[in-house]
Amino acid sequence: MDVDNIGVDVGFGDDEGGEGVAENTEDVSVDIRDVIQVGRWHGRRKYKDGQTWKHRIQTLNAAWAPLIEEMSEAYIKWKYSFGLPQTFDESYSFSISVVDALTLVTEVTISRGSDTRAAIALVYAGYIGTSPEKPSLAVSLKTLELYYTLRLFKPSLSIEAFAKTISIRRKVDAQVAKELGHDSANYHVLNSCPACCYKLEDEPELKFSRMWAVDGNNSLKRVAGIGSREVSDNRVFEESDYYLSKDFVNTFAGEIKARTVSLVADEDPDEWVDEEHGDPTDGTKDASQCTENWKAAAADQHKKMWSIFDESGGELAKYPLAVVAMALKVLPPGWIMGYDIGCSFEGTIQRSSLGPEFAKQGCRTCVNAFHGYSHNAKCQHKYHPLNILGMGLEDLETLERLFSSSNQLAPITRYMTAYRRRVFIDVFLQQWDREKYQNLATMLHNNYIQALDVLEEEAQALQADLLAKGISVEDLEAYFIDEANHLKEMGKEVEGDLHAVAYVELLQRYREVK
Ligand SMILES: [Zn+2]
Ligand SMILES: [Zn+2]
């Protein structure tokens with residue numbers, strides 16, 4: 001008995017290429033056989049049938065869709081060896097070539113009942129077929145699970161068959177989340193960190209309800225297709241609450257008018273400006289030149305390369321504004337947000353439609369500590385975490401740490417379909433969260449020890465210095481205010497100085513005339 005004699009064999013069907021006339025897709029499975037040398041294929045390769053990859057991928061996704069639910073159920077039964085089918089109709093058994101990295105078996109016979117589809121029978125036996133219907137090759141689930149685990153620890157690993165295992169696991173995870181009541185809206189933001197998200201009885205109020213960070217990530221962007229080449233897989237991945245929906249983000253697209261390029265003579269001609277899309281602030285020149293500095297920092301990179309990316313525009317204002325809008329909706333009031341350009345972006349928020357709510361909730365921004373040192377003294381005085389009461393040990397460089405890890409993912413996500421890229425980033429973030437959760441007690445313990453050390457050792461050293469100089473803590477507070485006033489006046493000519501200079505100039509003229 002052959003496998004289901006319906007539908008099409010479209011191989012692994014995870015084409016990443018553009019739309020064009022497809023090779024006969026049976027070749028995909030045939031080629032996999034050739035590469036792994038599982039029973040060389042003697043079948044005839046058919047000629048092109050004129051279907052495009054786009055059609056092919058849509059047909060394929062449509063064919064998998066109704067099976068995933070049933071495959072997920074079969075997967076759980078296989079995984080925990082319960083409720084597996086016991087009765088088979090031998091006339092429906094079929095033999096199939098398999099890939100199994102653990103047993104090295106190359107062919108198995110799959111038994112099934114007359115009403116069990118081949119794709120489902122394969123999962124019961126611990127395999128996934130390379131196509132939803134009429135599979136001619138299957139990969140063992142244990143092999144794919146091994147791959148899944150490898151990927152969790154080495155994000156740059158890539159293989160496309162893996163994708164369906166992710167679909168199944170996501171379904172299973174969603175079921176588990178539902179059973180545990182972990183499927184409510186914004187669950188991750190509201191619950192992922194017990195220390196930040198849950199309040200103890202009589203817990204002392206903190207200065208900030210929550211500290212969180214924003215940054216753009218160029219490395220994980222997708223490279224756009226060339227010319228008119230469209231991506232075949234046009235599904236949109238929205239099953240993860242790590243992402244804000246495109247519609248929600250676009251609500252803020254018109255908020256801030258893009259900054260136009262205007263280079264005056266003494267401006268750095270290398271200044272980075274995203275000509276097409278503007279920059280994340282609205283370009284209003286407030287007190288500081290910080291946004292300029294921040295762009296100067298970007299000048300070392302290839303400033304005008306961004307248009308190669310699918311979602312271009314550097315850190316467009318709509319993205320951080322959408323995140324701020326969500327934070328205002330979901331987080332308790334009185335939070336602080338760290339951003340490389342937190343100083344100028346505070347003005348952007350205030351001038352946006354979010355301004356009134358931002359003010360009402362008593363929220364504020366700051367510049368993360370490491371980036372803060374590249375901002376001018378006046379900015380640091382107000383926005384550097386060192387000068388903000390209630391920041392404690394936090395530097396808010398959270399995302400630099402995250403990106404240094406997610407960069408491992410970048411080489412494989414840049415050329416993926418938009419859908420697949422999001423899936424991989426989602427898997428990456430889940431593992432990131434798991435690792436942080438696991439490390440939570442150690443991290444809190446270390447921070448607690450560090451805080452005690454600061455209080456015991458550095459506070460003593462400070463007391464000794466104060467004593468030696470004959471000044472008090474109150475004096476220090478007064479110096480801080482003096483410094484702020486000094487910085488405010490810096491760059492402006494004091495009237496007394498103007499008169500003095502004019503007087504000296506007149507004296508010089510007087511000497512010449514004499
Ligand atoms: Zn936390
Ligand atoms: Zn600044």
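Residues numbered from 1 in each chain as written. Chains lettered and ligands numbered in written order. Predicted model: local features only at pLDDT ≥ 70, side-chain atom pairs only at ≥ 80, totals over all residues. Heavy atoms only, no water.

- Looking at an unreviewed UniProt entry, one finds the chain named CxC2-like cysteine cluster KDZ transposase-associated domain-containing protein and attributed to Lentinula edodes.

Quick notes on the overall build of the chain
1) Next: Counting its regular elements, the chain contains 20 helices and seven strands.
2) Next: Here the chain holds 514 residues, and 42% of them are scored as buried.
3) Next: Considering only contacts in the chain between residues 6 or more positions apart, those separated by 24 or more positions represent 71%.
4) Next: Carbon together with sulfur atoms contributes 55% to the accessible area of the chain, which is approximately 29300 Å² in total. (Helix = DSSP H or I, 4+ residues; strand = E, 2+ residues; numbered from the N terminus. Buried < 20%, exposed > 50% of the residue type's maximum accessible area, 1.4 Å probe, protein only. Contact = heavy atoms within 4.5 Å. Areas by Shrake-Rupley, 256 points an atom, 1.4 Å probe, with all protein chains shown as cover.)

Some words on the coordination of the zinc ion (ligand 1)
1) Next: Donor atoms from the polypeptide that bind the zinc ion (ligand 1) are Cys193 (SG) and Cys196 (SG), placed at 2.1 Å.
2) Next: The class for Cys193 is buried, based on a relative accessible area of 18%.
3) Next: Given the relative accessible area of 45%, Cys196 is considered partly exposed. (Donors = N, O, S within 2.8 Å, 3.2 Å for Na, K, Ca; no water.)

A word on the pattern of salt bridges
1) Next: Tallying each qualifying case throughout the model produces five salt bridges.
2) Next: Here Glu145 ties to Arg169 by a salt bridge, and the two come within 3.8 Å at their closest N and O atoms. Here Glu145, found in helix H4 (residues 141-153), pairs with Arg169, found in helix H5 (residues 162-179); they are 24 residues apart in sequence, far enough to count as distant.
3) Next: Residue classification places Glu145 among the buried residues on the basis of a relative accessible area of 14%.
4) Next: For Arg169, a relative accessible area of 23% puts it in the partly exposed group.
5) Next: Close ionic contact of Asp395 with Arg401 constitutes a salt bridge, the shortest N to O distance being 2.7 Å.
6) Next: According to the relative accessible area criterion, Arg401 is partly exposed, its value standing at 45%.
7) Next: Among the ionic contacts, a cluster of salt bridges with common partners joins Lys79, Glu145 and Arg169. (Salt bridge = Lys/Arg side-chain N within 4 Å of Asp/Glu carboxyl O.)

Topic: the layout of surface pockets
1) Next: The space that makes up the second largest pocket amounts to roughly 960 Å³.
2) Next: If you trace the second largest pocket, you find 24 residues lining it, with Leu386, Asn387, Ile388, Leu389 and Gly392 closest to the centre.
3) Next: Mapped onto the lining of the second largest pocket, the elements with two or more residues apiece are helix H18 (440-469) and helix H19 (473-489).
4) Next: Take the lining of the second largest pocket: its biggest share by element is seven residues, from H18.
5) Next: Along the lines of polarity and charge, the residues of the lining of the second largest pocket split into 15 nonpolar, five polar and four charged. (1 Å grid on protein atoms, 1.4 Å probe; cavity = no way out; pocket = protein on both sides within 12 Å on 5 of 7 lines; lining within 4 Å. Points joined across faces, edges and corners; volume = space filled by probe spheres on them. Nonpolar A, V, L, I, M, F, W, Y, C, P; charged D, E, K, R; others polar.)

Here we look at the environment of Arg235
1) Next: Assignment of secondary structure puts Arg235 in the loop between strand S5 (211-214) and helix H8 (246-250).
2) Next: Taking the C-alpha atoms as reference points, Arg235 and Asn61, 174 residues apart in sequence, are found 8.8 Å from one another.
3) Next: For Arg235, the contacting residues outside a window of four places in its chain are Asn61, Tyr419 and Arg420.

Remarks on the packing of H4 against helix H17 (residues 418-438)
1) Next: Interhelical geometry of H4 versus H17 gives an angle of 70 degrees and a closest axis separation of 9 Å. In terms of their interaxial angle, H4 and H17 are classed as roughly perpendicular. The way H4 lies across H17 gives a crossing that is right-handed. In contact with Tyr148, Arg151, Leu152 and Phe153 of H4, H17 contributes Phe424, Val427, Gln431, Arg434 and Glu435.
2) Next: Its residues placed into classes, the contact of H4 with H17 shows five nonpolar, one polar and three charged. (Axes fitted to C-alpha atoms, helices over the stretch in contact; angles between N-to-C directions. Parallel < 35°, antiparallel > 145°, perpendicular 65-115°, else oblique. Left-handed = near helix turned anticlockwise from the far one by under 90°.)

Remarks on the sheet that holds strand S6 (residues 336-339)
1) Next: Read across the sheet, three strands follow the order S5-S6-S7 without closing on themselves; strand pairing throughout is parallel. Of all strands in the sheet, those with a lone pairing partner are S5 and strand S7 (364-366), marking the two edges. Strand-to-strand twist of the sheet, defined as the mean angle between neighbouring strand axes without regard to direction, takes the value 30 degrees.
2) Next: Lying on the sheet, helix H10 (residues 318-330) is in contact with S5 and S6; it crosses S5 at an angle near 160 degrees.
3) Next: Across the sheet, helix H11 (residues 342-351) is in contact with S6 and S7; its angle to S7 comes to roughly 155 degrees. (Pairing = 2+ DSSP bridges.)

Focus on the environment of Phe208
1) Next: One can find Phe208 in the loop between helix H7 (194-197) and S5.
2) Next: As for Phe208 and Trp335, which are separated by 127 residues in sequence, their C-alpha atoms are 5.1 Å apart.
3) Next: Leaving out residues up to four positions away in the same chain, Phe208 has contacts with Gly334, Trp335, Ile336, Arg364, Ile388, Leu389, Gly390 and Met391.

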